[in-house]
Amino acid sequence: MAQGQAARATREAVPPVSRVAIIGGGISGLAAAKQMAAYDPVVFEATPSVGGVWKHCVYRTTRLQTPRPDYEFSDYSWKNRDDPSFPTHTEIVDYLEGYADEFDLWRYISFGSKVVDIKFLGGAEAGFTELWSGTGKAPLRGKPMWEVGIVTGDSNTVQYYKFEFVVMCTGKYGDVPRMPVFPPGKGPEVFKGTVMHSLDYCKLSEEETVELMRGKKVVVVGYKKSAIDLANECAQANQGEGGQACTMLVRTLHWVVPSYSIWGLPFFLFYSTRFSQLFYERPNQGLFRSLLCRLMSPLRSGVSKFIESYLSWKLPLGKYGLTPDHPFVEDYASCQMAILPEGFFDMADRGLVRFQRASAGWCFSENGVVLDDGTKVEADLVFLATGFEGKDKLREVLPKPFRDLVVGKSSMMPLYRGTIHPLIPNMAFVGFVESVSNLHTSELRCRWLSGLLEGRFELPSVKAMMGHVAGEADAMRRTTRFYRRHCISTYSIHDSDGMCADLGSATLRKGNWIAELFAPYNNKDYKEQ
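On a predicted model such as this, the values are computed, not experimentally measured, just so you know.

### Focus: the pattern of salt bridges
Part 1 of the reasoning: By the definition in use, this model includes 30 salt bridges.
Part 2 of the reasoning: For R19, the salt bridge identified is with E164, shortest N-O distance 3.3 Å. Separated by 145 residues along the polypeptide, R19 in strand β1 (residues 17-23) and E164 in strand β6 (residues 159-168) bring together distant segments of the chain.
Part 3 of the reasoning: Overall, E164 belongs to the buried group, its relative accessible area being 7%.
Part 4 of the reasoning: Of the charged contacts in the structure, one is a salt bridge between E72 and K524, with a shortest N-O distance of 3.9 Å. With E72 in the loop between α3 (53-56) and α4 (89-102) and K524 in the segment after α18 (513-518), this residue pair connects regions lying 452 residues apart in the sequence.

Following this line, the structure appears as structure tokens:
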């Protein structure tokens with residue numbers, strides 16, 4: 001035990017002036033620390049552990065939505081990567097801790113260090129130049145650009161440290177719950193029962209969750225992954241005598257998937273090969289590709305309908321009025337697809353989970369909730385699985401005028417290569433772009449960012465980067481009605497190609513043209529040689 005603790009010795013002191021700060025110790029923060037180890041980075045983590053949302057924002061039954069081999073670092077494999085089951089959240093935290101062990105990342109981490117303020121030291125005009133950070137080149141030039149305010153433990157004292165570069169890895173989830181807004185007299189204040197956001201539920205022990213829900217009339221607001229998992233746990237707690245049904249309040253329908261097999265075919269064939277992604281629009285494509293995408297529209301529609309037919313056959317979506325009226329590809333292209341927990345619809349068939357459509361809206365009453373059509377649903381406990389406001393975490397600590405630049409016209413963060421904001425100098429944002437494997441997305445961006453700091457390539461002009469960002473938003477807008485999430489699922493290989501090209505690395509990573517076209521791409525293809 002003593003030897004293990006010594007191996008995980010963390011940072012004891014933070015120098016007053018350092019080169020690189022990394023804020024957050026989740027997946028992105030660990031990947032950034034590994035890639036930027038040459039700069040002896042300081043990783044500020046507010047909690048006592050690594051893991052981010054996988055440690056602090058999951059339920060006891062939460063599992064990864066991606067197959068194990070598709071969710072691993074390029075240079076650190078799962079010990080049981082042949083296990084076909086989806087990893088539990090505890091397995092993921094163990095895996096991340098093993099990654100930190102393997103690359104000796106603990107020495108960079110300052111636990112219990114909450115970032116409460118960030119000050120810009122570069123002057124009023126520094127962020128609004130023709131080239132990013134003034135030159136568009138390697139930003140580490142020996143001059144502190146940011147001052148980061150830290151509160152540790154129970155102290156109210158803010159200690160400031162200076163850095164040349166800051167990497168924000170605070171993520172999109174956790175910390176700041178998204179709360180619905182109601183007219184006066186129609187919000188939680190009129191409800192006689194208990195209202196709880198899923199974030200608060202995550203902090204309870206298994207015994208506390210069962211005690212909270214058993215024998216209660218529960219309403220879960222939402223129909224995405226966290227809401228489905230929460231309803232599933234509620235149903236499990238209410239099995240047996242005295243149990244009550246859990247009602248899911250569904251505003252927007254999305255496609256749900258029971259497994260990564262469609263009519264016996266592996267899911268990756270439809271979206272995760274270079275050939276399959278040829279027919280989907282990508283950002284800033286030329287005239288020829290635009291014409292190709294238009295000609296291939298029937299094929300894209302056919303693939304989507306093929307998947308929809310399987311889901312409608314495999315799952316009782318029609319029975320419960322849960323068949324979306326939009327194509328499957330729109331959910332996939334916006335990272336809205338949810339993997340069902342095992343036995344979920346079995347619980348519904350037994351009457352332990354019910355579904356109530358609330359597309360027109362809803363509000364609270366004394367005894368539960370009321371839909372805008374007048375339907376009343378009684379409740380003792382209402383869970384709000386309504387998501388998180390990750391961008392608000394950034395706004396809370398960034399100084400003006402940068403805090404007002406966090407969200408663009410499309411409601412997405414305007415990030416070049418999903419990492420650099422063209423108007424915020426010497427700062428990067430990792431973990432704010434979604435894909436089928438967010439781990440791969442973050443790791444490759446951290447490698448790209450390390451190359452930028454090393455001076456391996458120069459950035460385009462601010463105007464060109466803003467144009468590229470706008471092109472991404474336009475491509476997503478034409479692909480899915482849910483484009484407000486920055487999701488690269490249908491052009492993930494093209495996205496990786498761009499970063500590899502910047503780094504001077506090969507974009508074609510397979511051994512032959514057949515594999516290049518028809519084999520799925522994953523993190524192992526991007527292992528550094």
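Having put the structure on the table, let's press on.
### What about the sheet that holds strand β18 (residues 381-384)?
Part 1 of the reasoning: Reading across the sheet, the five strands line up as β7-β18-β8-β9-β14 and stay open at both edges, with parallel pairing between neighbours. Edge positions in the open sheet fall to β7 (194-197) and β14 (353-357), since each of these has one partner strand only. Averaged over neighbouring strand pairs, the angle between their axes works out to 20° when direction is ignored.
Part 2 of the reasoning: As defined by bridge partners, strand β8 (residues 218-221) adjoins strand β9 (residues 246-250) across four bridges and the pair is classed as parallel. Considered in β9, the bridge of V220 is made with M248.
Part 3 of the reasoning: Most of the contacts of helix α6 (residues 206-213) go to β18, to which it runs at about 125°, and overall it touches β7, β8 and β18.

### A look at the packing of aromatic side chains
Think of a pair of aromatic rings as described by two things: how far the centres are apart, and how the planes are tilted against each other in angle.
Part 1 of the reasoning: Taken as a whole and assessed by the stated rule, the structure comprises 46 aromatic pairs.
Part 2 of the reasoning: Between W106 and F111, the aromatic rings sit 6.3 Å apart at their centres with planes inclined by 45°, giving tilted as the arrangement.
Part 3 of the reasoning: Ring geometry for F275 and F518: centres 5.2 Å apart, planes at 45°, overall tilted. Residue F275 is located in helix α9 (residues 274-277), and its partner F518 is located in helix α18; the two are separated by 243 residues in the primary sequence.
Part 4 of the reasoning: According to the relative accessible area criterion, F275 is partly exposed, its value standing at 34%.

### A closer look at the nonpolar core
Part 1 of the reasoning: M248, Y271, F328, F345, F355 and F383 are the most contacted members of the largest nonpolar core, which totals 59 residues.
Part 2 of the reasoning: At seven residues, helix α7 (residues 225-237) tops the list of elements feeding residues into this core.
Part 3 of the reasoning: Discounting residues that sit within four places of it in the chain, F383 has contacts with M196, Y201, L212, M213, V218, V219, V220, V221 and L230.
Part 4 of the reasoning: Y71, L96, I109 and M499 belong to the second-largest nonpolar core, a separate cluster that totals 54 residues.

Rules used throughout
Residues numbered from 1 in each chain as written. Predicted model: local features only at pLDDT ≥ 70, side-chain atom pairs only at ≥ 80, totals over all residues. Heavy atoms only, no water. Salt bridge = Lys/Arg side-chain N within 4 Å of Asp/Glu carboxyl O. Helix = DSSP H or I, 4+ residues; strand = E, 2+ residues; numbered from the N terminus. Buried < 20%, exposed > 50% of the residue type's maximum accessible area, 1.4 Å probe, protein only. Pairing = 2+ DSSP bridges. Axes fitted to C-alpha atoms, helices over the stretch in contact; angles between N-to-C directions. Contact = heavy atoms within 4.5 Å. Phe/Tyr/Trp six-rings, centres within 6.5 Å; stacked < 30°, edge-to-face > 60°. Core = buried A, V, L, I, M, F, W, Y, C linked by side-chain atoms within 4.5 Å.

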